[in-house]
Amino acid sequence: ASAYQAAADLVLEPYPFGSATAVLESCLAGVSVVLPYEPPLDLLVTNHGLGDLIQNPETEEDYVEHVCRLASQAVEREQLGAALRDRVLARHTGAG
């Protein structure tokens, strides 16, 4: 993980120009991610097998609630980060 990822508790994917690479790298570092509520495309969730762990919030209010909850709940945030890391390792890394 980069120094920035190691220092992060939570990553908010930028909008409207997000980065699937940055999100996957954050997941690999074990950092929880919040996706934008109006994605131009939902390819990150559907194409990378993360849909049961993270979803795009339906409204701005849902987004704010999700960010505030994860920011204030360290255990939930750490559990999500670990689950995201395990998923990315299982689906996006090869043997060796």
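You'll find the structure just up there.
Criteria and thresholds
- Residues numbered from 1 in each chain as written.
- Predicted model: local features only at pLDDT ≥ 70, side-chain atom pairs only at ≥ 80, totals over all residues.
- Heavy atoms only, no water.
- Core = buried A, V, L, I, M, F, W, Y, C linked by side-chain atoms within 4.5 Å.
- Buried < 20%, exposed > 50% of the residue type's maximum accessible area, 1.4 Å probe, protein only.
- Helix = DSSP H or I, 4+ residues; strand = E, 2+ residues; numbered from the N terminus.
- Contact = heavy atoms within 4.5 Å.
- Axes fitted to C-alpha atoms, helices over the stretch in contact; angles between N-to-C directions.
- Parallel < 35°, antiparallel > 145°, perpendicular 65-115°, else oblique.
- Nonpolar A, V, L, I, M, F, W, Y, C, P; charged D, E, K, R; others polar.
- Salt bridge = Lys/Arg side-chain N within 4 Å of Asp/Glu carboxyl O.

Describing the nonpolar core
Link 1 in the chain: With 14 residues, the main nonpolar core has Cys27, Leu50, Ile54 and Leu84 as its most contacted residues.
Link 2 in the chain: For this core, the secondary structure elements donating two or more residues are helix H2 (20-28), strand E2 (32-34), helix H4 (60-72) and helix H5 (74-92).
Link 3 in the chain: Excluding anything up to four places from it in sequence, Leu84 contacts Cys27, Val31, Ser32, Val33, Leu50, Leu53 and Ile54.

Observations concerning the packing of H4 against H5
The geometry of a pair of packed helices is captured by two quantities: the angle between their axes and the separation between those axes.
Link 1 in the chain: Where H4 contacts H5, the axes come no closer than 5 Å and their chain directions differ by 100°. What the angle tells us is that H4 and H5 run roughly perpendicular. Contacts from Arg69, Leu70, Ala71 and Ser72 of H4 reach H5 at Ala74, Glu76, Arg77 and Leu80.
Link 2 in the chain: Residues belonging to the contact of H4 with H5 are distributed by class as follows: four nonpolar, one polar and three charged.

With respect to the pattern of salt bridges
Link 1 in the chain: Inspection of every chain in the model, using the stated rule, returns three salt bridges.
Link 2 in the chain: Across the pair Arg87 and Asp52 runs a salt bridge, and its minimum N-O distance is 2.6 Å. Pair noted here: Arg87 is in helix H5 and Asp52 is in the loop between helix H3 (43-47) and H4, with a separation of 35 residues, a long-range link.
Link 3 in the chain: Notably, a salt bridge pairs Glu65 with Arg69, separated by 3.2 Å at the nearest N-O pair. One end of the pair is Glu65 and the other is Arg69, both in helix H4 and four residues apart, which spans about a single turn.
Link 4 in the chain: On the accessibility criterion, Arg69 (27% relative accessible area) is partly exposed.
Link 5 in the chain: Through salt bridges with shared partners, a single network forms among Glu65, Arg69 and Glu76.

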